[in-house]
Amino acid sequence: MKVIIVDDEAPARQRLRKLLESESDLAILAECANGDEALDAIAAEPPDLMFLDIQMPGRTGFDLLRDLPADGRPAVIFVTAYDEHAVKAFEFHALDYLLKPFRKERLQQSLERARQALKQKRLPTAGEPVEQLLRSLPVTAPASYPQRLAVKDGTRITIVPLENIICLLAEGNYVEVCTSEGKKLLLRETMSRLEVRLDPARFFRASRSAFINLAHLKEIISEGQSGHVLLMDHGEKIRLTASFGELQQRLH
């Protein structure tokens, strides 16, 4: 079972690693001090299981889960210093949780739960309760917008710099990410949740089903009473249904 540890406290990471090293069926892929490091580690080699701290500076544990594609999230065991009453709210939204400081016996219970889930091939669906938790949390605009987007691409997760994204198009339960390299990647995300993660100074919602990167807008084509069509750098044409006046303001 491939594991990563995500915690901003070095002593907590070291203690957990020491406890896990005695488990012969585990391979620790990485120790991460923050959500950014975890995002890169998961992209390099996706784990089966992630021990995830909740409260971290910058990108929190919940932020990290939001930034990962839903179908690219590993099973999660929360590791938290929240009091037991607060953490009960998370109990049914993850594979398990560990309340700091925890004993080795409690960790082994969590690992056994993870082993059973893996044996029964339930790990791919283990993220669904986490998805329910993320939906239940209030969506607020981030203090600073992410500069990269993690998109599952086959068996790996591709990290796409936002400046390389030309547009994002709704495709059923997915969003198609069109890049300046000519790639079209599918992200399992809703447009409304994606909107709060995109810098409004950079991205414009041209319609209910399309965001454009203003830096890659090549031409605005007027079609008279039919409105306007936006021609993007890579040749994609997007029908503008949002306010043309608002788009003009954003371009100044």
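Above this text you will find the structure in question.
In this convention, every chain numbers its residues from 1, walking through the sequence in written order. Given that this is a predicted model, residues contribute local features only at a pLDDT of at least 70 and side-chain atom pairs are listed and counted only at 80 or more, while totals for whole chains, interfaces and linings are drawn from all residues. Heavy atoms from the whole structure form the basis of all side-chain values; hydrogens and water molecules are not counted.

Enquirer: Go over the pattern of salt bridges with me, naming the residues and quoting the values.
Expert: Counted as salt bridges are all cases of a side-chain nitrogen of Lys or Arg within 4 Å of a carboxyl oxygen of Asp or Glu. Per the counting criterion, the structure on display carries 18 salt bridges. For lysine 100, the salt bridge is made with aspartate 7, and the minimal N-O distance between the two is 2.8 Å. Linking lysine 100 in the loop between β5 (96-99) and α5 (104-119) with aspartate 7 in the loop between β1 (2-6) and α1 (10-20), this pair joins segments that are 93 residues apart in sequence. A single burial state applies to lysine 100 and to aspartate 7, both of which are buried. In this structure, arginine 205 and glutamate 195 form a salt bridge, with 3.0 Å as the shortest nitrogen-oxygen distance. Pair noted here: arginine 205 is in strand β11 (residues 203-207) and glutamate 195 is in helix α7 (residues 191-195), with a separation of 10 residues, a long-range link. When accessible area is computed with a 1.4 Å probe and restricted to protein chains, residues below 20% of their type maximum are described as buried, those above 50% as exposed, and intermediate ones as partly exposed. Classification of arginine 205 by relative accessible area gives partly exposed; the value is 25%. Through salt bridges with shared partners, a single network forms among Asp7, Glu9, Asp53 and Lys100. Helix and strand definitions follow DSSP, with helices as H or I runs of at least four residues and strands as E runs of at least two, each counted in order from the N terminus.

Enquirer: Would you mind going over the packing of aromatic side chains in detail, with residue names and values included?
Expert: Between 30 and 60 degrees the pair is tilted, below 30 it is stacked and above 60 it is edge-to-face, where a pair is any two Phe, Tyr or Trp rings, Trp via its six-membered ring, whose centres lie within 6.5 Å. Counted according to the given criterion, the structure contains 1 aromatic pair. Judged by centre distance (5.7 Å) and plane angle (75°), the rings of phenylalanine 62 and phenylalanine 78 are edge-to-face. Taken together, the positions of phenylalanine 62 in helix α3 (residues 61-67) and phenylalanine 78 in strand β4 (residues 75-80) put the pair 16 residues apart, joining distant regions of the chain. Each member of the pair, phenylalanine 62 as well as phenylalanine 78, carries the same accessibility label: buried. Positioned over the ring face of phenylalanine 102 is arginine 15, at 4.9 Å from the centre of the ring. Over the ring of tyrosine 97 we find arginine 106; its NZ or CZ atom is 5.6 Å from the centre of that ring. Look at NZ for Lys and CZ for Arg. If either is within 6 Å of the ring centre and within 35 degrees of the ring normal, a charge sits over the ring.

Enquirer: Tell me about the packing of α1 against α5, residues and numbers included.
Expert: Each axis is a line fitted through C-alpha atoms, and for a helix only the stretch in contact is used; angles between axes span 0 to 180 degrees, taken between their N-to-C directions. At a closest axis distance of 11 Å, the pairing of α1 and α5 adopts a crossing angle of 70°. As judged from the angle between their axes, α1 and α5 are roughly perpendicular. For the element pair α1 and α5, the recorded crossing hand is right-handed. Across the interface between the two elements, Leu16, Leu19 and Leu20 of α1 pack against Lys104, Leu107 and Leu111 of α5. For this scheme, ten residues count as nonpolar: Ala, Val, Leu, Ile, Met, Phe, Trp, Tyr, Cys and Pro. Four count as charged, namely Asp, Glu, Lys and Arg, and the remainder, Gly too, count as polar. Per-class residue counts for the contact of α1 with α5 are 5 nonpolar, no polar and 1 charged. Should an angle fall under 35 degrees it is called roughly parallel, over 145 degrees roughly antiparallel, and 65 to 115 degrees roughly perpendicular, with every other angle called oblique. Two helices cross in a left-handed way if the nearer one is turned anticlockwise from the farther one by less than a right angle. They cross in a right-handed way if the turn is clockwise. Contact definition: two residues touch when any of their heavy atoms are within 4.5 Å.

Enquirer: Got a sec to walk through α1? Specific residues and values, please.
Expert: The complete set of buried residues in α1 reads Arg13, Leu16, Leu19 and Leu20. An end-on view of α1 places all buried positions within 130° of arc, on one side of the element. Across from the buried face of α1, at angles greater than 90 degrees, the exposed residues are Pro11, Gln14 and Lys18. Elements in contact with the buried residues of α1: β1, β2 (27-32), β3 (49-53) and α5. Directions are taken from the helix axis to each C-beta atom, and the arc is the one they span.

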